[in-house]
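Coordinate analysis (summary)
The lines below spell out each chain.
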Amino acid sequence: MIFRLFFLLFAIPVFSQVNYPKDYFKPPLDIQLSLSGSFGELRSNHFHTGLDFKTQQKEGLNVYASADGYVSRIKISTFGYGKAIYITHPNGFTSVYGHLKKASPTIEAFIRENHYKEETYEIEMFLKPEDLPIKQGEIIALSGNSGGSGGPHLHFEIRETESEKPVNPMLFGFDALIKDTKKPVVTTLMAYPVGENSTVNQSLQPITLNLSLQADGSYVSEKVAVNGKVGFGISSYDMFDFNYNKNGLFKVQSFLNGSPHFGYEFEKFAFDESRYINALLDFYRFKKMGVRIQRLFMTNPYPLSLIKTDENFGIITVKPNLTNNYRIEVSDFNANKVIVNVPIQYSPIAPTIASNVKKTDYFLKANNDNIYKKDNISVFVPAGTFYDDFYLNFDVKEDTLTFHDESVPVHQNFTVTIENNSFTPEEKEKMFIASIEGKRLNFNFTKIKDSVFTSYTKNLGKFTLAKDTTSPRISPVNISEGKWLSKQSNLKLTISDNLSGIKSYNGYLNGKWILFEYDYKTKTITHEFDDRFIVEGRNDLKVVVSDNVGNSTIFETHFFRSQK
């Protein structure tokens, strides 16, 4: 009841609007702004938290501080935002700049000092106001393609400093800098029977509805004949002027008989609720068909603050002799809008299309703790791990666990435990619980105590115990033993591992630790020559790479270099 009241208290269908300062933040680039990603865009396991600005398909553009403040945080990561700078401003907001190539000389020197202090590439630093004060318009970095970026661009965010919630930068006046006169595009409308015996157009399965474009630019769907309860889902995207990217929406709102029914607006949200995107989506169709249908209803309510709903959570109960007029409005930030009207009527006709739900011996209830055990393998699923109840595929054969498949979204870790006392202590050190994908084994971090192997994972599918006794591979790219490298500015090597994956790497030049930057997309580590470590004549290089179960490889060579 408490969970349900949460939604009733926030069931007011009017979205709040704060008066955000429109001229406080200036553009972080000095080129015409063009977006490759919008705020709230639907991404893998999360909503996009900022704006992705195109950088003319290249790296190295100047990145400017959007307002006065100080560098409050610097994070250098192999994945995610890659090289990122956070600037805290006196007005209660923090701006974030991600996927950078490198920082400005002053900030870069600060970062480099900490790399060598910690002797690691991946670092996170929290700074005081007096450490690195910044003025609006000051160059803080060069744009890049670091971390999880799929191409050169600048990821830009504005967050509430206190709550750390990302806020849509368009609310701060960036909408005036990015022309958008195009309406969103609706690609798919789905109708979902809700409940075991409900039907839609004589189907017990979800169905795609045909849409007809009207003279006024709106759409009307085919008639929807329902017996029982129904919910709807929509696939749509937005486009900006002078831009062919398919971006995310700003607002979706449904109305039932003229009253707001279910909707969401991308003003701001918290990072810890972003994974609820998998509950909003028709996850099955996303995984199987690659289409992102946004479900405008909840069968098992979840606490995503973006959503405003009535007490029915977007589900419509269709009764005889009652007419239901259902409307969906899809809007971008500039109030360009598309309307979809859906005529709904009652129909008692028996279904002709059977349900596609495959019933098994295991029915998982999402709001309960669940434990499954067979032979020497068990799985513990805490309440709240999944969003909805479903029939689970669970089995153990020949020491291989089958625990459903990736068509069902997972919100938090569940526990896989395998007991096996047939291995020696030396063998167990190299073992882990692996996920099976076709012929490939993927590493899951595994705790080992006596004969018990335990892994906490969000991966569904097949699992087995695996052993990795193969050491990582190291290959030089621009280094040849005994050669003169006087004209080179850096050292490059590739590193890889065939099974458990790379855990750490370290480089040493003439016996001293040196910084190598790792790009996982190319499997390359790069060291920019530093006069503090290079010597005239012979230089000895050593690189040590270890995988996740402790196998290590050492690469050693020497080269010559002239400082003149």
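A brief look at the structure comes next. (Residues numbered from 1 in each chain as written. Predicted model: local features only at pLDDT ≥ 70, side-chain atom pairs only at ≥ 80, totals over all residues. Heavy atoms only, no water.)

**A look at the side chain of Asp332**
Note that Asp332 resides in the loop between strand E25 (324–331) and strand E26 (337–346). Lys337 provides the closest opposite charge to the buried, unpaired Asp332, separated from it by 10 Å. Within the structure, Asp332 has its side chain in polar contact with the side chain of Asn336 (distance 2.9 Å). (Helix = DSSP H or I, 4+ residues; strand = E, 2+ residues; numbered from the N terminus. Buried < 20%, exposed > 50% of the residue type's maximum accessible area, 1.4 Å probe, protein only. Lys, Arg positive; Asp, Glu negative; His and termini not counted. Salt bridge = Lys/Arg side-chain N within 4 Å of Asp/Glu carboxyl O. Polar contact = N/O pair within 3.5 Å; in protein donor to acceptor, adjacent residues only side chain to side chain.)

**Things to note about the nonpolar core**
Grouped together as the largest cluster of nonpolar side chains are 107 residues, with contacts concentrated most on Phe53, Ile107, Ile140, Phe174 and Phe232. Ranked by residue count, the leading element in this core is strand E19 (residues 224–237), at 5 residues. Grouped together as the second largest cluster of nonpolar side chains are 24 residues, Tyr372, Leu401, Val410 and Phe463 included. (Core = buried A, V, L, I, M, F, W, Y, C linked by side-chain atoms within 4.5 Å.)

**Considering the layout of surface pockets**
In this structure, the largest pocket spans a volume of roughly 1600 Å³. Forming the boundary of the largest pocket are 40 residues, of which Asn356, Val357, Asp389, Phe390 and Tyr391 lie nearest the centre. Sorting the residues of the lining of the largest pocket by element identifies strand E15 (185–200), helix H4 (283–289) and strand E30 (390–392) as the ones contributing at least two each. Here the lining of the largest pocket takes 5 residues from E15, the largest share from any one element. For the lining of the largest pocket, the class distribution of residues is 17 nonpolar, 12 polar and 11 charged. As for the second largest pocket, its lining consists of 30 residues, and the residues nearest its centre are Lys83, Lys101, Glu517, Thr526 and Glu528. Of all the elements in the fold, those that place two or more residues in the lining of the second largest pocket are strand E9 (100–103), helix H2 (105–118), strand E40 (490–496), strand E43 (517–519) and strand E44 (524–528). (1 Å grid on protein atoms, 1.4 Å probe; cavity = no way out; pocket = protein on both sides within 12 Å on 5 of 7 lines; lining within 4 Å. Points joined across faces, edges and corners; volume = space filled by probe spheres on them. Nonpolar A, V, L, I, M, F, W, Y, C, P; charged D, E, K, R; others polar.)

**Some words on the pairing of strand E38 (residues 461–467)**
Counting buried positions along E38 gives 5 out of 7 residues, so the element sits mostly inside the fold. Here strand E32 (residues 400–403) runs beside E38; their pairing, made up of 3 bridges, is antiparallel. Within E38, the residue paired with Thr402 across the bridge is Lys462. Inspection of the sheet shows strand E34 (residues 431–437) paired to E38 by 6 bridges, in the antiparallel sense. Bridge pairing in E38 places Phe432 opposite Ala466. (Pairing = 2+ DSSP bridges.)

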